[in-house]
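The chain contents come next:
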Amino acid sequence: MENNKESKTILELKNVTKRFAGLVAVKDLSLKMKERTIHSLIGPNGAGKSTVINMITGLLPLTDGEIYHRDTKISGMKAYQIAQTRCSRTFQNLKLYRSMTVKENIMTGMMMDMHQGFLPFMFDFKKARQEDKAMNEKADLILKFIGLQELSNEYPANMPYGKQKLTELARSLMLEPSLLFLDEPAAGLNPSERVEFVDIIMKVFESGIDIFLIEHNMDVIMNISDDITVINFGSKIAEGTPEQIQEDPLVIEAYLGDRYKKEHGKGGRKCLK
Amino acid sequence: MKKQNKTLIIALICIGIAAILPLFISNNYHLNLMIQVLINIIIVLGLNFITGLTGQMNLGTAGIFSMGAYTSALVATKSGVNPWICLILAAVMGIIIGVGLGYPSLRVSGVYLALTTIGFSEIVRVLMTNLTDLTGGALGVNNIPVFSIFGHEFRENKEIYYLYLVIALLLIFNAYRIVNSKWGRSFLAIKDNPEAINASGVNIAKLRIMAFTLTAVYSTIAGSLYAHYVGFMNPSAYNIEFSINYVVMLVIGGIGSVAGNIAGAILVTIVPELLRFIENYYWLVFSIITLLFVIFLPNGMLSLFNKKKSMKK
Ligand SMILES: Nc1ncnc2c1ncn2[C@@H]1O[C@H](COP(=O)(O)OP(=O)(O)OP(=O)(O)O)[C@@H](O)[C@H]1O
Ligand SMILES: [Mg+2]
């Protein structure tokens, strides 16, 4: 995957601020994410990372600032409208549909590509069947891509946490996003699950989807990120490549700690293979 | 495929039983009960969309049902319009109620729908009682004509049963299709996790209003069928207790599934009749049974047969 420096900006935050009652969770944050990159947002607990994704995807209104997805101003739009610009996401705390099977969960990830309206659905049985078939096939394809075929009729509550996280990832792919937001995808996974998940994330990226990632696990972050933005108390304290971030004294002080620097050498995606 | 075949076979057996049952029944009271079961099935199937799937409480069945019944009854008696047309008008009334009540109360989350529908029901009841010139007040509307096909009037209970069975089957089939489609899944997703379905590009408000409109249309159709069956309407029975009874059917049968809805409607219509002998204790016993269901079988009666779904979540 080459990475020329002039690539287009696909996501831009301009002076974004979020205030909860007295607390300023995100403060005057600006950042640009380039096309065909994995861009990571890191920072200590409570730094405001999830709040950033929640604002971008429309689940929280901004207090101030603007957000653009490609040329579309998405700040101020409703969450479902933002999703329709081909942004999808997973959640830090899983939000699966517990009364549906894995496959039904995944199929529900996408309604807007199924164009048949309700009244046509009631009367045009043939078209309805075709659409249902197309939706099933798409879900089967994604199940296979993620490696969940065997669990397709299982209910989330009966599966290990790692598989539930994969189900949520699969659901987010159903929307055929061009930009995918992952909020701590590796949290709570055991080491082997984590390796599996990182492989899948790379597969997703290589299939053409750009990824905006929040993650605490530094192995994951330093290995797969192209660019990293670091925030602390809602403000940006650094940005750059994994190599630059690992050397940044501010970041080491606020987040990584000295220990990290000693234990780890070079970062960058090359190390993965 | 296998599961679908099984569903189909069970459905055909049930339809077969429903079709031959009247051949063994001559007692008019029992036939009457069976017609009532059909009407209740239609109402519960409708209620399933908004309360069972999207999880919004509708306590206005009484008001919606009686609006359907009165629309049909008044148009038929005052202007002599064919009852079939009245049935269609009742369905249109359902759409009006669904959008009219749904639009203000379902765009925001919370318990607004429960409150609006209770209020609506009370207003309907007061208006039906007091607009004496139009509705006949407490005395109600009488001599509501029966349905007829090619000049044949459906007057006998047995005939009406078969006619309504056909209508109920169409509505059951329709409900089954919706529940098992992208629409049903999206409705259910709204209850399970509104933020997630929202982030998947679905306009929750619009879907909730759609689900409620379906509910309302099923209820007004049931109201119309009822009015043309009994031949008279008065407002006295359409209070909150009436509405709650349908929520009970929904809960007992199994929220979300069509088969559960049908089972709940049959059970809750028939069991009270069997419990008649305990008279005053009836409501007490019935409430206890309902409570036990809610505690021990939160997914309804049918979850007994569906191991996977009954796994505690
Ligand atoms: N809906 C909310 N209402 C009020 N305060 C909130 C809300 N959401 C987040 N906060 C606060 O905003 C701050 C940032 O929270 P956020 O969840 O964005 O942090 P985070 O960086 O994702 O942390 P973590 O790594 O623990 O997930 C925290 O102090 C949190 O308590
Ligand atoms: Mg977070």
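Residues numbered from 1 in each chain as written. Chains lettered and ligands numbered in written order. Predicted model: local features only at pLDDT ≥ 70, side-chain atom pairs only at ≥ 80, totals over all residues. Heavy atoms only, no water.

(A) Region of interest: the overall build of chain A. When you go through chain A residue by residue, the secondary structure sums to ten helices and ten strands. Taken over the C-alpha trace, chain A has a radius of gyration of 19 Å; the compact-globule value for 273 residues is 19 Å, and the two agree within 12%. With respect to the three principal axes, the spread of C-alpha positions in chain A is 65 × 40 × 40 Å. Counting the 273 residues in chain A, one finds 54% classified as buried. Counted over contacts in chain A with a minimum sequence separation of 6, partners at least 24 positions apart contribute 69%. Accessible surface for chain A amounts to roughly 12500 Å². Of this, 51% is attributable to carbon and sulfur atoms. Averaging the coordinates of the 37 positive side-chain charges in chain A and doing the same for the 37 negative ones gives two points 3 Å apart. (Helix = DSSP H or I, 4+ residues; strand = E, 2+ residues; numbered from the N terminus. Rg over C-alpha atoms; globule rule 2.2 N^0.38 Å. Buried < 20%, exposed > 50% of the residue type's maximum accessible area, 1.4 Å probe, protein only. Contact = heavy atoms within 4.5 Å. Areas by Shrake-Rupley, 256 points an atom, 1.4 Å probe, with all protein chains shown as cover. Lys, Arg positive; Asp, Glu negative; His and termini not counted. Charge placed at Lys NZ, Arg CZ, Asp CG, Glu CD.)

(B) Representation of the confidence of the model for chain B in the model. Within chain B, residue pLDDT values average 89, and 94% of them lie at 70 or more. Scored as a whole, the predicted complex attains pTM 0.89, and scored at its interfaces, ipTM 0.87. (pLDDT = per-residue confidence, 0-100.)

(C) Local environment of the pattern of salt bridges. Counted under the stated rule, the structure contains 15 salt bridges over all chains. We note a salt bridge from Lys236 of chain A to Glu239 of chain A, for which the minimum N-O separation is 3.1 Å. (Salt bridge = Lys/Arg side-chain N within 4 Å of Asp/Glu carboxyl O.)

(D) Expanded view of the pairing of strand 2 (residues 23-34) of chain A. Residues and elements named next belong to chain A. Where strand 1 (residues 9-20) lies against strand 2, eight bridges are found, and the strand directions are antiparallel. Note on strand 2: the bridge partner recorded for Leu11 is Met33. Between strand 1 and strand 2, which follow one another and run antiparallel, lie two residues, and Ala21 among them has a positive phi close to 40°. (Pairing = 2+ DSSP bridges.)

(E) A look at the site of ligand 1. Residue and element names in this part refer to chain A. What surrounds ligand 1 is a group of 14 residues, the closest being Gly46, Lys49, Ser50, Thr51 and Gln92. Within the side chain of Lys49, one N or O atom sits 2.8 Å away from an oxygen atom of ligand 1. In the model, an oxygen atom of ligand 1 is placed 2.8 Å from a nitrogen or oxygen of the Ser50 side chain. Counting residues per element, the ones that place at least two in the shell around ligand 1 are strand 2 and helix 1 (49-56). Of all the elements, helix 1 adds the most residues to the shell around ligand 1, at three residues. (Near = heavy atom within 4 Å. Polar contact = N/O pair within 3.5 Å; in protein donor to acceptor, adjacent residues only side chain to side chain.)

(F) Quick peek at the packing of helix 2 (residues 28-53) of chain B against helix 10 (residues 204-230) of chain B. All names here are of chain B. Packing of helix 2 against helix 10 brings their axes to within 6 Å, and their N-to-C directions diverge by 165°. In this view, helix 2 runs roughly antiparallel relative to helix 10, as classed from their interaxial angle. Classified by chirality, the crossing of helix 10 by helix 2 is left-handed. When helix 2 is examined against helix 10, the residues Asn32, Ile35, Gln36, Ile39, Ile42, Ile43, Leu45, Gly46, Leu47, Phe49 and Ile50 are found in contact with a partner set consisting of Arg208, Ala211, Phe212, Leu214, Thr215, Tyr218, Ser219, Ala222, Leu225, Tyr226 and Tyr229. Each residue belonging to the contact of helix 2 with helix 10 can be placed in one class, and the counts come to 16 nonpolar, five polar and one charged. (Axes fitted to C-alpha atoms, helices over the stretch in contact; angles between N-to-C directions. Parallel < 35°, antiparallel > 145°, perpendicular 65-115°, else oblique. Left-handed = near helix turned anticlockwise from the far one by under 90°. Nonpolar A, V, L, I, M, F, W, Y, C, P; charged D, E, K, R; others polar.)

(G) Structural detail: the interface of chain A and chain B. Tallying the contact residues gives 37 residues for chain A and 29 residues for chain B. Here chain A packs against chain B, burying approximately 3100 Å² in sum over the two surfaces, 62% of which is carbon and sulfur. Joining chain A to chain B, the criterion identifies three salt bridges. Glu131 of chain A is the salt-bridge partner of Lys182 of chain B, the closest N and O atoms lying 2.8 Å from each other. Linking chain A with chain B are twelve residue pairs in polar contact (both at pLDDT 80 or more), by the criterion used here. Of all the secondary-structure elements, those providing two or more residues to the side of chain A that touches chain B are helix 2 (79-84), strand 6 (87-89), helix 3 (102-107), helix 4 (118-123) and helix 5 (125-146) of chain A. Top element by residues in the side of chain A that touches chain B is helix 5 of chain A. It accounts for five residues. Its residues assigned to classes, the side of chain A that touches chain B shows 21 nonpolar, nine polar and seven charged. (Buried area = accessible area lost by both parts, 1.4 Å probe.)

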